[in-house]
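# Architecture and fold: a report
Single-letter residue listing:
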Amino acid sequence: MTTRNSTPIPARIARVRETLAGWGVSALLVNSPDNRRWLSGFTGSAGWLLVTPDQALLATDFRYWDQAQAQAPDFTLFRLKQEQKVTDMLATIAPTSVAVEANHLTLHGFKDLQKVDGIEWKPLEQTVEPFRMVKSPAEVAQIRAAAAITDRVMSSVPALARPGQPEKELAWLLEKSLRKNGATGMAFPVIVASGPNAALPHHRPGDRALQEGDTIVVDMGAALDGYNSDLTRTFYLGEEPPQRFWDIYNLTLSAQTAALGGMKAGMTGREIDALARDVIASAGHADHFGHGLGHGVGLAIHEDPRLSTRAENDVIPAGAITTVEPGVYLTGWGGVRLEDLVLVTADGIERLSHCPKEPLIAVAATNHQPPTTN
Ligand code: ZN
Ligand code: ZN
């Protein structure tokens, strides 16, 4: 629950108003859930925000009325009756030009809006997304709490994983454990990728049974009241991995260590990405690290800023929360990825992930575990 004086909402509305001219419009219409929540505090799943130089309106219906009143005190509520659409609210305000979210509005919804006379529409690929990069202290606290849940559950992987266990069973145990430890949902479906499947960065856990000698990539995140965390660890099922495992594991770890030690606010996403990418490339594995180094995490699991080769113009601000997740993937063999969550500061980072990086899972200890019954 939010109250008028304890939230940054008025400052966020002010920021939109300051930017309207830059967007070349007299109002902004927001319908995507994350942007709507960030800008108003309203967490309901349906509603429209309209911000003009002198008004801030939230249109929603009967189902969310009480909730909207409690959560969005900085917005004037417009009650949509059953047969009404957001166009009815727009008709009462009559702005001359309105920016809409091109990446979130449906084509059908846009055609509906265009039925309102006298409004010039401006679809924008981004509206408040860049503002969301810098997290408020309350947002940092929420993501820190989500990261702590994920740390705790990831630390239990060596106790839960055992030979003969299908990937999807381990994924389900981890999902239950995230819930038991306080998660209100999953940031994304838990990834368990074993053996050759570990070469697929976004493998969906399936029927493949874990076996001694497997590399196992586990990637998961807790959602906690709308905010997310993201964490990857790579394990080896057994106590004596082949040299190749250590080569790839230690290479990935040194790439991550280089990025964590060298990144700070003011660098571009590309410069930070290069801290890790150069380490991997100099070991001859440039082609085996086929994704960006990291992404912002907040209300969305993937948001700005991006740490990647394409982010040469994206300066990373202090207060951004990003992942740092280099990986090396070898088709047919498997892969290693290590992912931590960090808060970017003026002179470096603060780590939000604290789960140890100890990959070995002793098979002797896991062999005698009784099958899970719940
Ligand atoms: Zn992840
Ligand atoms: Zn990630």
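Above this text you will find the structure in question.
Quantities reported herein were computed from a predicted structural model and do not represent experimental measurements.

## Side note on the environment of A223
Relative to the elements of secondary structure, A223 occurs in strand β10 (residues 222–224). Between the C-alpha atom of A223 and that of A281, which follows or precedes it by 58 residues, the distance is 34 Å. Among residues more than four places away in sequence, those in contact with A223 are A183, T184, G185, M186, A187 and N228.

## A closer look at the sheet that holds strand β1 (residues 27–30)
Here six strands make up an open sheet; going across it, the order is β4-β3-β2-β1-β5-β6 and the pairing mixed. Edge positions in the open sheet fall to β4 (76–80) and β6 (120–124), since each of these has one partner strand only. Recorded for the sheet is a direction-independent mean angle of 25 degrees between the axes of neighbouring strands. Across two bridges, the pairing between β1 and strand β5 (residues 97–101) is parallel. Paired with L28 across the two strands is A99, which belongs to β5. Lying on the sheet, helix α2 (residues 33–40) is in contact with β1, β2 (48–51) and β5; it crosses β2 at an angle near 55 degrees.

## Examining the pattern of salt bridges
Taken as a whole, this structure holds 16 salt bridges when the rule is applied. A salt bridge links E303 to R132; the nearest nitrogen and oxygen atoms lie 2.8 Å apart. Within this pair, whereas E303 is found in strand β14 (residues 303–307), its partner R132 is found in helix α6 (residues 129–132), the two being separated by 171 residues in sequence. The salt bridge involving K168 is made with D207; its shortest N-O contact spans 2.7 Å. With K168 in helix α9 (residues 167–180) and D207 in the loop between β8 (191–194) and β9 (215–220), this residue pair connects regions lying 39 residues apart in the sequence. The exposure class assigned to D207 is exposed, which follows from its relative accessible area of 58%. Through salt bridges with shared partners, a single network forms among K85, D112 and K115.

Each value, and the rule that gives it
Residues numbered from 1 in each chain as written. Chains lettered and ligands numbered in written order. Predicted model: local features only at pLDDT ≥ 70, side-chain atom pairs only at ≥ 80, totals over all residues. Heavy atoms only, no water. Helix = DSSP H or I, 4+ residues; strand = E, 2+ residues; numbered from the N terminus. Contact = heavy atoms within 4.5 Å. Pairing = 2+ DSSP bridges. Axes fitted to C-alpha atoms, helices over the stretch in contact; angles between N-to-C directions. Salt bridge = Lys/Arg side-chain N within 4 Å of Asp/Glu carboxyl O. Buried < 20%, exposed > 50% of the residue type's maximum accessible area, 1.4 Å probe, protein only.

Structural measurements only, silent on function.
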